[in-house]
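Topology and contacts: notes
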Amino acid sequence: MIYQYFCIEIYFYLVLSLYHWSVIIFLEVKTMKILFYRYNSIYEPDVIDILNQLHHNISAITDQMTRNNVSDAECAELVSEILKQTSFDLVFTINFFPVISEVCNIFRIPYFSWIVDCPVMELYSHSIQNQCNRIFLFDYALYEEFSAQNPDRIFYLPLGANYSRLDPLITSISARDRKQFSAEVSFVGSLYTEKCPYNLLKEDNTYLKGYLDGLIEAQLQIYGYNFLEEHLTDKIVEEFRSKVPFYHFPDKANRNDKAALAHLFLGNKVTEQERLRLIKAISERYPLDLYTSSDVSSLSHANHRGLAKSMSEMPKIFHLSKINLNFTSKPIRTGLPLRIWDILGAGGFLLTNYQSELPEYFEIGKDLEVWTCQEELLEKIDFYLRHDEVRRQIAENGYQKAKNNYSMKEKVRQMLTQL
C-alpha cells in the first residue's frame, strides 16, 4: 500500500512538472504581434533584432525617423489608424510617449516603454498612471521617484548589449580595422557643448549666477551622488526661469521645475564641463582618440576622428582601444548608461566614473575600473597603459560577466513576462 501511494505521488509530481515546463516553453515560443513606434533612438535596432530572435512579428511606424516635427496629434493619429486596421498584442517604444500611452489606454492594449536616457521629462506626465503601461526604468533613482505613481506597472530594469550583433562584428575585425581603430585611449560621444541650455544664462554679477556656478563646481567633485535638485529653492528656480527660456510642462503633468533646472540645465552643464576638462587633461598627457561631432576647439591635443558609425565602427573602436573612457551624464543619478554596456559588450577595457549601482553588477578592479576624481583617473590610465595583461584580463572578465548575466536578450525576455 505504501508503495502504491509512493508511485501515485511520483506520477502526479511528474505530471505537474511536465505541465510547468510546457507552460514555460509555450510562453517562450508564443509569437506576438508588436507595433514598434520608432524615432531614431540608438537602442531601437538592437531591441527590434532581439524581438525578432524571440520569434515575434514586428511592425514599425517610422515617420518620426525621417522628420522631427511629428506633432502629438499626428503621432496619435498614426498609432490609432494602424491599431484600427490590425490587432496587436502590445505597442513598444524606447523612452516614454504620453500620447501613445493615451492611445493604448483607449484601445486597451499594453504599452511597453523602456527608458534608456536621462532626463526623460515625459515621465512627469499624468499618463504614466495609465493602466495600459509597462514602463521599465534603467536608473534606480528614477524608479524610486516614479514607481509609486503606478506601482504594478513601473519596473526597474537595467540595460544590456546585443551579443548576436556584437560577437560576429568583433570576430570579423580585419587588419585594416586594426590599423584604423587601434588606440591608446579613446572616447566616443558628445561633449554636451551643443546640449547645454544653461549657457543661455548670461554672465553677470548676480547672486543667482554665482550660486548656480558654485553648485555646478561642487557637483563636479562628487561621484556616486547627485545633489543638484535638493540644493535648489523656489526662489532660485523662479529667478532662473525669468532669465532663460525654460522647459514647458504640459497641462496634464506633475510640474517639477526644480527637477527641470537640476537635470536639463545644471546636469547637462556639469556633464559638459566634466568631459571638456577631463579630456583636456588626459590628452595633454596621453594619446587620446576623440570621436564626436561636438565643438573640439578647446581640445587641441586630442586626435579628432570625427563621428563613428554606431552600429559598425563603434564596437571595433571599443575592442581595439587599450582604454575606453565613459563619462556618465549627470542626470543619470545611479544607473549604468548604455555606453558601459556597449564597451563591455565589445570586449573593451572600461574606465568609468563611479556610479552607485556599479558594484551591484560588476566587481571593480576585476570586471572594469572606475575613478572618483581627476587625479585617480590619470593614475589609472598610466597604470593600465603599462600593464597590458592585467588590462586584457579585466576586459575579458567584464565581457564574460555582462554577456553571461546581463544580456539584452535576457532583459527583453524579463520585460515580456509583464504582459
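Presented here is an overview of the structure given in this document. (Residues numbered from 1 in each chain as written. Predicted model: local features only at pLDDT ≥ 70, side-chain atom pairs only at ≥ 80, totals over all residues. Heavy atoms only, no water.)

Next up on the list: the overall build of the protein. In terms of regular secondary structure, the protein is built from 17 helices and 12 strands. Referenced to the eigenvectors of the C-alpha coordinate spread, the extents of the protein come out at roughly 85 × 55 × 45 Å. In the protein, which comprises 419 residues, the proportion classed as buried is 52%. Restricting the contact set of the protein to residue pairs at least 6 apart, pairs at least 24 apart contribute 66%. Looking at the protein as shown, the accessible area adds up to about 19,900 Å², and 53% of this sits on carbon and sulfur atoms. Side chains of the protein give 43 positive and 53 negative charges; the mean places of these two sets differ by 4 Å. (Helix = DSSP H or I, 4+ residues; strand = E, 2+ residues; numbered from the N terminus. Buried < 20%, exposed > 50% of the residue type's maximum accessible area, 1.4 Å probe, protein only. Contact = heavy atoms within 4.5 Å. Areas by Shrake-Rupley, 256 points an atom, 1.4 Å probe, with all protein chains shown as cover. Lys, Arg positive; Asp, Glu negative; His and termini not counted. Charge placed at Lys NZ, Arg CZ, Asp CG, Glu CD.)

Inspection of the secondary structure assignment puts T93 in strand β3 (residues 90-94). Non-local contacts of T93, meaning those with residues more than four positions away in its chain, are made with Y37, I100, Y111, F112, S113 and W114.

Our focus in this paragraph is the sheet that holds strand β4 (residues 111-115). What the 6 strands build is an open sheet, ordered β2-β1-β3-β4-β5-β6; its pairing is parallel. The open sheet has two edge strands with one neighbour each: β2 (57-61) and β6 (154-156). Going from strand to strand, the sheet's axes swing by 20 degrees on average, the running direction of each strand aside. Bridge count for β4 against strand β5 (residues 133-137) is 5 bridges, and the pairing is parallel. In the sheet register, W114 faces β5, and the bridge partner there is F136. On the sheet, helix α2 (residues 44-53) packs against β1 (33-37), β2, β3 and β4 and is oriented at approximately 175 degrees with respect to β1. (Pairing = 2+ DSSP bridges. Axes fitted to C-alpha atoms, helices over the stretch in contact; angles between N-to-C directions.)

What follows concerns the pairing of strand β7 (residues 183-188). Successive side chains on a regular strand alternate, one facing one side of the sheet and the next facing the other. Burial runs high along β7: 5 of the 6 residues are buried. Sheet topology places β7 next to strand β10 (residues 321-326); 3 bridges connect them, and they run parallel. What sits directly across from V185, in β10, is I323.

Attention shifts here to the nonpolar core. If you look at the biggest cluster of nonpolar residues, it comprises 111 residues, and the most contacted ones within it are F92, I100, W114, L123, F240 and F362. Grouped together as the second largest cluster of nonpolar side chains are 27 residues, F187, V296, F349 and L385 included. (Core = buried A, V, L, I, M, F, W, Y, C linked by side-chain atoms within 4.5 Å.)

In this model, C118 is joined to P119 through a cis peptide bond whose omega is -5 degrees. Among the secondary structure elements, P119 is positioned in the loop between β4 and β5. Positive phi outside glycine occurs at N40, with the angle close to 85 degrees. A positive phi angle is found at N95, which is not glycine, with a value near 65 degrees. Along the chain, N95 falls in the loop between β3 and α5 (98-107). Judged by its relative accessible area of 7%, N95 falls in the buried class.

For α5, the set of buried residues is V99, I100, S101, V103 and C104. Residues of α5 that are buried sit in contact with β1, α4 (72-85), β3, β4 and β5. Of the residues flanking the end of α5, it is R108, one or two places downstream, whose phi is positive at about 55 degrees.

What follows concerns the pattern of salt bridges. Applying the stated criterion to the full structure yields 29 salt bridges. Between E376 and K380 there is a salt bridge, with the nearest N and O atoms lying 3.2 Å from each other. One end of the pair is E376 and the other is K380, both in helix α15 (residues 374-385) and 4 residues apart, which spans about a single turn. Here D382 ties to R386 by a salt bridge, and the two come within 3.0 Å at their closest N and O atoms. (Salt bridge = Lys/Arg side-chain N within 4 Å of Asp/Glu carboxyl O.)

Before going further, it helps to examine the sheet that holds strand β12 (residues 369-371). Spatially, the 6 strands line up as an open sheet ordered β9-β8-β7-β10-β11-β12, and their pairing is parallel. Where the open sheet ends on each side, the last strands, each with one partner, are β9 (303-306) and β12. Along the sheet, successive strands turn relative to each other by an average axial angle of 25 degrees, direction set aside.

This brings us to the packing of aromatic side chains. Each aromatic ring pair is summarised here by two numbers: the centre-to-centre distance and the angle between the ring planes. Within this structure, the stated rule accounts for 29 aromatic pairs. For the ring pair Y43 and W114, a centre distance of 5.2 Å and an interplane angle of 70 degrees mean the geometry is edge-to-face. With Y43 in the loop between β1 and α2 and W114 in strand β4, the pair connects residues that are 71 residues apart, well separated along the chain. Across the pair, exposure class does not vary: Y43 and W114 are buried alike. Taken together through their ring pairs, the aromatic side chains of F36, F92, F112, F136 and F155 make up a single cluster. (Phe/Tyr/Trp six-rings, centres within 6.5 Å; stacked < 30°, edge-to-face > 60°.)

Moving on: the packing of α4 against α5. Between α4 and α5, the least distance of the axes is 9 Å, while the angle of their chain directions is 30 degrees. In this structure, α4 meets α5 at a crossing whose hand is right-handed. When α4 is examined against α5, the residues D72, C75, A76, V79, S80, L83 and K84 are found in contact with a partner set consisting of V99, I100, V103 and F107. The residue makeup of the contact of α4 with α5, split by class, is 8 nonpolar, 1 polar and 2 charged. (Left-handed = near helix turned anticlockwise from the far one by under 90°. Nonpolar A, V, L, I, M, F, W, Y, C, P; charged D, E, K, R; others polar.)

We now examine the state of the cysteines. A full pass over the atoms with the stated rule returns 0 disulfides. Unpaired in terms of disulfides, C75 finds its nearest cysteine sulfur in C104, a separation of 9.6 Å. Lacking any disulfide linkage, C132 is separated from the closest cysteine sulfur, that of C104, by 5.3 Å. Residue C132 is classed as buried on the basis of its relative accessible area of 6%. (Disulfide = S-S within 2.5 Å.)

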